[in-house]
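Below are the chains, spelled out letter by letter.
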Amino acid sequence: MTLLNALQARTARYPYLARSAWLATITPGPYESCFVQPTDTPDGCLLISNQTGRIAHWNPTEADLLADDWEVCTGIMPLSNTQ
């Protein structure tokens, strides 16, 4: 889904966002994860990963903004990998 659709699809159970493309490039291990936590704080969107922790002010690329592979997730693995 698009970034806008993913933002609108978030719920209390699935509050985070991740791209399917990141699974192959950023999260090579089965227990590694990388996801985005949108906020309305001065920190902006947080990029969160098992390796680096929380990084404020995530700067998406043009490809990230235009991508249609966004998914909502729990903060562990995207939905498509947990169903």
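The residue count restarts for each chain, going from 1 along the sequence in the order it is written. Restriction of local features to residues with pLDDT of at least 70 applies here, the model being predicted, together with a cutoff of 80 or more for giving and counting side-chain atom pairs; totals for whole chains, interfaces and linings are based on all residues. With hydrogens and water set aside, each side-chain value is computed from the structure's full complement of heavy atoms.

Notes on the overall build of the protein chain
Part 1 of the reasoning: What counts as a helix is a DSSP run of H or I of at least four residues, what counts as a strand is a run of E of at least two, and both are numbered from the N terminus. Helix and strand counts for the protein chain stand at three helices and five strands.
Part 2 of the reasoning: Along its sequence from the N terminus, the protein chain presents helices and strands in the succession α-β-α-β-β-β-α-β.
Part 3 of the reasoning: A burial count over the protein chain gives 37% of its 83 residues as buried.
Part 4 of the reasoning: Once local pairs closer than 6 in sequence are excluded, the contacts in the protein chain between residues at least 24 apart make up 46%.
Part 5 of the reasoning: Accessible surface area values rest on a Shrake-Rupley calculation with a 1.4 Å probe, where residue burial reflects the displayed protein chains alone. Summed over all atoms, the accessible surface of the protein chain reaches about 5,200 Å², with 57% contributed by carbon and sulfur. Throughout, exposure labels follow a simple rule: accessible area from a 1.4 Å probe, protein chains only, divided by the maximum for the residue type, with under 20% read as buried, over 50% as exposed, and the rest as partly exposed. In this description, contact between two residues means that some pair of their heavy atoms is separated by no more than 4.5 Å.

Here we look at the confidence of the model for the protein chain
Part 1 of the reasoning: Scored between 0 and 100, pLDDT is the confidence that the predictor attaches to each residue. Chain-level statistics for the protein chain give a pLDDT mean of 84 and a share of 80% at 70 or above.
Part 2 of the reasoning: Averaged over each element, pLDDT in the protein chain is lowest for helix H2 (residues 20-25) (76) and highest for helix H1 (residues 3-9) (97).
Part 3 of the reasoning: Note on residues 77-83: pLDDT under 50 across the span, and 14 contacts to partners over four residues away in sequence or across chains.

Some words on the packing of aromatic side chains
Aromatic rings in a pair are described by how distant their centres are and how their planes are angled relative to each other.
Part 1 of the reasoning: A pair of Phe, Tyr and Trp rings is counted when the ring centres sit within 6.5 Å of each other, with Trp represented by its six-membered ring. The angle between the planes then sorts it: under 30 degrees is stacked, over 60 is edge-to-face, the rest tilted. Within this structure, the stated rule accounts for four aromatic pairs.
Part 2 of the reasoning: Seen from their ring centres, tryptophan 22 and tryptophan 58 are 6.3 Å apart, and the 80° between their planes marks the pair as edge-to-face. Residue tryptophan 22 is found in helix H2, and its partner tryptophan 58 is found in the loop between strand E4 (53-55) and helix H3 (62-66); the two are separated by 36 residues along the sequence. Here tryptophan 22 and tryptophan 58 have matching classes, each one buried.
Part 3 of the reasoning: Geometrically, the ring pair formed by tryptophan 22 and tryptophan 70 is edge-to-face, given 5.4 Å between the ring centres and 75° between the ring planes. Taken together, the positions of tryptophan 22 in helix H2 and tryptophan 70 in strand E5 (residues 70-73) put the pair 48 residues apart, joining distant regions of the chain.
Part 4 of the reasoning: The class for tryptophan 70 is buried, based on a relative accessible area of 1%.
Part 5 of the reasoning: A network of ring pairs unites the aromatic residues Trp22, Trp58 and Trp70 as a single cluster.

Notes on the side chain of aspartate 69
Part 1 of the reasoning: With respect to the helices, strands and loops of the structure, aspartate 69 is situated in the loop between H3 and E5.
Part 2 of the reasoning: Polar contact is defined as a pair of N or O atoms within 3.5 Å, subject to the rule that within protein one atom must be able to donate a hydrogen and the other to accept it, and that residues adjacent in sequence are counted only when both atoms are side-chain atoms. A polar contact of 2.7 Å, which involves the side chain of aspartate 69, links it to the side chain of arginine 19.
Part 3 of the reasoning: Every residue in contact with aspartate 69, bar those within four places of it in the chain, is listed here: Met1, Ala18, Arg19, Ser20 and Ala21.

Overview of the pairing of strand E1 (residues 16-19)
Part 1 of the reasoning: What you see with E1 is no split at all: Tyr16 and Ala18 on one side and Leu17 and Arg19 on the other are buried throughout.
Part 2 of the reasoning: Two strands pair under a simple rule: DSSP has to find at least two bridges between them. Strand direction decides the pairing type here: E1 and E5, joined by four bridges, are antiparallel. Bridge pairing in E5 places leucine 17 opposite valine 72.

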